[in-house]
Amino acid sequence: NNPGNQPDKPLRTIQAAINKAQAGDRVAISGGTYAERLHIQKPGAIDAPIVIAAQEGESAVIDGADLVIPRDTALVAVQQSQAITISGLTIRNAGGIGLAISKSSQITVRETTVDSSYAGGLHVTQSDNVLVEKCRIFNCGRRFLAHGPERNNVALLTRHSNDLTLRENQVYENSDEGIAVSLGSKNVVVSKNVCYDNRNGQIGITSAVDVVVEANLCYHTGRPQFLTLNQQRGPGITKHDL
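Summary of the structure given here. (Residues numbered from 1 in each chain as written. Predicted model: local features only at pLDDT ≥ 70, side-chain atom pairs only at ≥ 80, totals over all residues. Heavy atoms only, no water.)

On to the pattern of salt bridges, then. Evaluation of the coordinates by the stated rule reveals five salt bridges. A salt bridge links aspartate 115 to arginine 92, with the nearest nitrogen and oxygen atoms 3.6 Å apart. Placement of aspartate 115 in strand β11 (residues 113-115) and of arginine 92 in strand β8 (residues 89-92) is noted, with a sequence separation of 23 residues between them. Residue classification places arginine 92 among the partly exposed positions, given a relative accessible area of 30%. (Salt bridge = Lys/Arg side-chain N within 4 Å of Asp/Glu carboxyl O. Helix = DSSP H or I, 4+ residues; strand = E, 2+ residues; numbered from the N terminus. Buried < 20%, exposed > 50% of the residue type's maximum accessible area, 1.4 Å probe, protein only.)

What follows is the structure in structure tokens.
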């Protein structure tokens, strides 16, 4: 029942704050671990986005370890939203995808960590004008070991989306592909990312148009646990059916 707009009267859950948020509002998350699934479906404005961020200098963790989440859904979902910024969060232990953005526009994800997700890390589908920068995505797609490669296991994926920038991210030690610009993606910039030891390859472009891949560092250390099923190092940068 707290108003949530005073430091001494916070809301109990992040979702409660998101439900109250309107264009121009900032949801400030105090340090701690939050065992909750977040669903963001809000209309921000280009000149007044809704910002969901950890308090400066504090660590806010969204942890799905104790939640039952279907493997093809997400711990944090941004759906049918406009002008949303997510910043400074850690999203971990998702039973499915860590962070999924779908049917949305003007979305920014910055300085956010996604780790230990059973399926993929951060997926963008059917969305426009999305920026993902200075994020870390690792130890995702663990079901690949048992189920074989699938698109849903990719660490950082774009599909059927336009006008995206993926820059200065660290994508490493994932059990499938690191960054995949996939079917129906258009006008995508993949720049200055560090991608290594992703089992099925570091950066892959498939059935996409107007894609720029520049100044990325891609490598594989040869550690056995990150080799392909044929005991090979995953490739650096691949392109198919452009």
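A positive phi angle is found at glutamine 126, which is not glycine, with a value near 50 degrees. Mapped onto the fold, glutamine 126 is located in the loop between β12 (122-125) and β13 (128-133). Relative accessible area serves as the criterion here: at 47%, glutamine 126 is assigned to the partly exposed category.

Let's shift gears to the nonpolar core. Ranked by size, the top nonpolar core spans 48 residues in total, and within it Ile52 and Leu122 carry the most contacts. If we skip the residues at most four places from it in the chain, isoleucine 52 touches Ile18, Val27, Ile29, Ile40, Ile84, Thr85, Ile86, Ser87 and Leu89. In this structure, Ala74, Ala77, Ile97 and Ala119 belong to the second largest nonpolar core, which totals five residues. (Core = buried A, V, L, I, M, F, W, Y, C linked by side-chain atoms within 4.5 Å. Contact = heavy atoms within 4.5 Å.)

Attention shifts here to the packing of aromatic side chains. Summed over all chains, the structure comprises three aromatic pairs. When the centroid spacing of 5.1 Å and the interplanar angle of 10 degrees are considered together, the rings of phenylalanine 138 and tyrosine 172 count as stacked. Taken together, the residues phenylalanine 138 in strand β14 (residues 136-138) and tyrosine 172 in strand β17 (residues 170-172) connect sequence positions 34 residues apart. A centroid spacing of 4.9 Å and a plane angle of 5 degrees characterise the contact between tyrosine 196 and tyrosine 219, whose relative ring orientation is stacked. In this pair, tyrosine 196 is assigned in strand β20 (residues 194-196) and tyrosine 219 in strand β23 (residues 217-219), connecting sequence segments 23 residues apart. When its relative accessible area of 17% is taken as the criterion, tyrosine 196 is described as buried. Residue tyrosine 219 is classed as partly exposed on the basis of its relative accessible area of 33%. (Phe/Tyr/Trp six-rings, centres within 6.5 Å; stacked < 30°, edge-to-face > 60°.)

Take it as geometry only, folks, not as evidence of what the structure does.
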